[in-house]
Amino acid sequence: RAYTQKHRENVLRTRTQDLRQARNLRAAATMALLGVIVLGGVLLLVLVRSILDPVRELAKETEGTQDSPKGKNEVKALSMSVKRLMEDMGRTQTELDKSRETLFQSEKLALVGKLAAGMAHSIRNPLTSVKMRLFSLERSLVLSPSQQDDFTVISDEIRHIDIFLQNFLEFSRPPKLKMKPINPSEVVDTTLTLLRHRLRSYGVRVTVQRKSPLPVIQADPEQLKEALANIMINACEAMEGGGDITVTEDSVFSKTLGPVVRIRIQDTGPGIPISVQDKILEPFFTTKEEGTGLGLSIVARIVEEHGGRLELESREGEGSVFAIILPAKQRGQDLGTH
Ligand SMILES: Nc1ncnc2c1ncn2[C@@H]1O[C@H](COP(=O)(O)OP(=O)(O)OP(=O)(O)O)[C@@H](O)[C@H]1O
Ligand SMILES: [Mg+2]
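Owing to the predicted nature of the structure, the values given are computational and were not obtained by experimental measurement.

**Side note on the site of ligand 1**
Among the 20 residues in the neighbourhood of ligand 1, the closest are listed as Asp267, Thr286, Thr287, Lys288 and Thr292. Thr286 places a polar side-chain atom, nitrogen or oxygen, 2.5 Å from an oxygen atom of ligand 1. Between ligand 1 and the protein, one listed contact pairs an oxygen atom with a side-chain N or O atom of Thr292 at 2.4 Å. The protein chains hide 90% of the 600 Å² of surface that ligand 1 would expose on its own. Among the secondary structure elements, those contributing two or more residues to the shell around ligand 1 are α6 (221-238), α8 (295-305) and β7 (320-327). In terms of residue count, the dominant contributor to the shell around ligand 1 is α6 (three residues). A breakdown of the residues in the shell around ligand 1 according to their chemical character gives eight nonpolar, 10 polar and two charged.

**Some words on the sheet that holds strand β4 (residues 243-254)**
Pairing is mixed in the open sheet, where five strands are placed in the order β2-β4-β5-β7-β6. Two strands in the sheet have a free side with no partner beyond their single neighbour: β2 (204-209) and β6 (309-314). Strand-to-strand twist in this sheet, taken as the mean axis angle between neighbours without regard to direction, amounts to 20°. Bridge analysis of β6 against β7 gives six bridges, and the strand direction is antiparallel. The residue of β7 that forms the bridge with Ser314 is Ser320. Across the face of the sheet, α6 comes into contact with β2, β4, β5 (258-267), β6 and β7 while running at roughly 170° to β7.

**Side note on the environment of Asp250**
Along the chain, Asp250 falls in strand β4. Asp250 sits 35 residues away from Pro215 along the chain, and the two C-alpha atoms are 9.3 Å apart. Excluding its chain neighbours within four sequence positions, the residues that come into contact with Asp250 are Leu214, Val260, Val261 and Arg262.

Procedures and definitions
Residues numbered from 1 in each chain as written. Chains lettered and ligands numbered in written order. Predicted model: local features only at pLDDT ≥ 70, side-chain atom pairs only at ≥ 80, totals over all residues. Heavy atoms only, no water. Near = heavy atom within 4 Å. Polar contact = N/O pair within 3.5 Å; in protein donor to acceptor, adjacent residues only side chain to side chain. Areas by Shrake-Rupley, 256 points an atom, 1.4 Å probe, with all protein chains shown as cover. Helix = DSSP H or I, 4+ residues; strand = E, 2+ residues; numbered from the N terminus. Nonpolar A, V, L, I, M, F, W, Y, C, P; charged D, E, K, R; others polar. Pairing = 2+ DSSP bridges. Axes fitted to C-alpha atoms, helices over the stretch in contact; angles between N-to-C directions. Contact = heavy atoms within 4.5 Å.

Read these as layout, nothing more, since geometry by itself doesn't imply function.
Okay, structure coming up:
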């Protein structure tokens with residue numbers, strides 16, 4: 001009995017000890033759980049403060065002034081903003097490349113300008129005396145038909161050099177525009193009258209499609225005439241054996257320029273291959289043996305100085321269309337119609 005009594009006491013003691021240990025363990029577990037919760041909370045706070053808040057700020061900044069909607073997926077918003085930022089960067093890079101190219105072109109042009117001015121000085125003066133002497137010789141000499149033939153060739157070649165120099169000169173010192181209210185339709189008519197003989201000699205017929213004359217615009221009529229003539233002469237030169245030029249005039253609304261007048265010059269020539277279309281406006285690009293390659297770059301500059309645009313539509317084998325687009329309203333002025 002005594003043994004049984006002792007054994008029970010032992011069992012009781014052990015159970016009490018176990019119970020105490022279990023309580024201690026539970027208390028420790030509760031403490032640990034609390035600790036984990038507190039630590040988790042602190043971590044969450046740190047995460048929000050040091051990661052998500054900057055992420056939100058960054059998203060807000062990259063989006064400009066717009067507030068990004070809170071509570072939405074910040075990372076997604078940020079990735080979108082970063083994507084937009086990269087697109088912006090791409091665009092900026094393209095613009096930078098373009099302005100670098102423009103700068104390069106202007107440097108090239110400035111150099112050409114100086115060269116041309118110097119060249120014109122050195123060549124044009126003696127050339128003028130040669131021309132005058134030839135003219136007086138032609139009047140005083142009695143020439144045989146073959147000599148007369150030589151004489152004509154010499155005069156033609158000299159005229160060619162003179163035109164060449166004139167182009168260079170014009171290119172190097174672009175004249176200041178003398179803007180005045182003009183009717184572009186009248187300028188088209190004057191140009192056609194001036195070119196009448198030339199067009200006939202190329203076997204080219206011209207049709208003008210005009211419902212009513214274009215509205216009056218601010219422009220330099222001399223420069224506009226020159227631009228039209230350059231395009232028409234190119235068209236004549238492109239149409240070997242003759243062809244048709246159709247001039248179409250209309251007033252339209254351009255998204256970028258507002259109300260504009262458009263003069264389209266269409267030919268029935270061979271067209272311009274896509275591969276050279278972006279080169280034809282570059283100075284000195286020519287496919288002609290005797291061309292300077294300055295004609296269209298002068299046209300483009302004239303149109304741009306008027307605040308307009310030169311457009312080309314052409315497919316190889318289908319003729320070419322050059323469109324001169326000029327703002328119909330300038331400096332907020334309402335010019336009305338003519
Ligand atoms: N209407 C057209 N049809 C086909 N090709 C054209 C036409 N207009 C221009 N081109 C092409 O564009 C090139 C450049 O023209 P641009 O007027 O600048 O110089 P060019 O005519 O060659 O020389 P220049 O004007 O000094 O006589 C031409 O050599 C030609 O290849
Ligand atoms: Mg030309």
